Amino acid sequence: MIDTGVITTGLAASHYLDAADQAAHVRTAEPTAAVSTRLVHARFLVNGEAHELDLDPRVTLLDALREHLRMTGTKKGCDRGQCGACTVLVNGRRVNSCLSLAISHDGDEVITIEGLGAPEAMHPVQRAFVQHDAYQCGYCTPGQVCSAVGMLAEAHAGAASAVTPDVRVRGPAQLTDDEIRERMSGNLCRCGAYVNIVGAIRSVARS
Ligand code: FES
Ligand code: FES
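What comes next is a walk through the structure. (Residues numbered from 1 in each chain as written. Chains lettered and ligands numbered in written order. Predicted model: local features only at pLDDT ≥ 70, side-chain atom pairs only at ≥ 80, totals over all residues.)

## A short note on the pairing of strand 1 (residues 40–46)
Defined as follows: Being paired, for any two strands, means DSSP has found at least two bridges between them. For helices the rule is a DSSP run of H or I covering at least 4 residues; for strands it is a run of E covering at least 2, with both sets numbered from the N terminus onward.
Relative to strand 2 (residues 49–55), strand 1 runs antiparallel, the two sharing 7 bridges. Bridge assignment links His41 to a residue of strand 2, and that residue is Asp54. In textbook terms, the turn of a hairpin is the stretch between consecutive antiparallel strands, and for strand 1 and strand 2 this stretch comprises 2 residues, one of which, Asn47, has a positive phi near 50°. Two strands pair when backbone bridges link them, and strand 1 and strand 5 (residues 109–111) are joined in this way by 2 bridges, in the parallel orientation. Looking across to strand 5, one finds that Val46 is bridged to Val110.

Shown next as structure tokens:
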């Protein structure tokens with residue numbers, strides 16, 4: 001038969017020890033360092049428009065865009081650099097905005113999906129995504145489109161990828177489907193629209 005008295009005594013003892021440990025910890029702990037709330041002034045050119053913000057230095061570029069500038073076209077997927085939903089162009093290069101502190105972009109030019117085009121005047125990559133049905137829920141699409149725009153520029157400038165057959169060849173890279181898949185591998189699509197995404201990018205690359 002189980003001795004409930006032993007059990008309850010044991011629980012009480014362990015509780016007592018936890019409390020004693022805590023008390024000792026409180027006696028010996030250093031005072032908690034005050035969290036800095038100093039704001040940092042930063043200037044950005046976002047989609048051709050100048051913005052100035054006073055930001056907590058810990059704010060990411062993604063949160064500055066979405067929460068401070070109310071540009072919600074850029075999406076937050078994983079918030080840890082794994083999905084590419086937050087991709088924007090900074091000074092022409094694609095960046096995972098969730099991994100980048102906003103104040104580190106003081107003076108930079110940022111292009112988001114809102115700056116690439118509009119329904120009545122779409123960017124060629126946006127138009128290709130529509131024509132090739134390259135999305136389902138659309139959550140990853142702003143990041144896919146921004147990444148594709150950056151990737152096409154990189155390839156045109158001759159940047160090699162991990163599947164480039166001969167990195168000594170100069171000039172624009174030939175964007176085979178393998179090249180497109182490799183160069184877009186940082187952008188995940190949970191709906192699995194990859195076949196049509198590659199088709200859309202291929203059509204722009206060859207036009
Ligand atoms: S939200 Fe930035 S990589 Fe996923
Ligand atoms: S279209 Fe739904 S996650 Fe890509």
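There is more to say, and it comes next.
## Quick word on the pairing of strand 4 (residues 93–96)
Consecutive side chains of a regular strand alternate in pointing toward one face of the sheet and then the other. Here strand 3 (residues 87–90) runs beside strand 4; their pairing, made up of 4 bridges, is antiparallel. Opposite Thr87, over in strand 4, you have Asn96 as the bridge partner. In this structure, the hairpin formed by strand 3 and strand 4 is closed by a connection of 2 residues, where Asn91 is found at a positive phi of approximately 50°.

## Concerning the sheet that holds strand 5
The strands making up a sheet are joined through hydrogen bonds of the backbone, oriented either antiparallel or parallel. To keep it simple, the criterion reads: Inter-axis angles, ranging from 0 to 180 degrees, are taken between N-to-C directions of lines fitted to C-alpha atoms, where helices are fitted over the stretch in contact. Two residues qualify as being in contact provided that their C-beta atoms, derived from the backbone, are within 7 Å of each other.
With mixed pairing, 5 strands are arranged side by side in an open sheet as 2-1-5-3-4. Unpaired on one side and paired on the other, strand 2 and strand 4 mark the two borders of the sheet. Neighbour to neighbour, the strand axes of the sheet diverge by 40° on average, direction disregarded. Taken strand by strand, helix 5 (residues 141–156) contacts strand 3 and strand 4, and its axis lies near 40° from that of strand 3.

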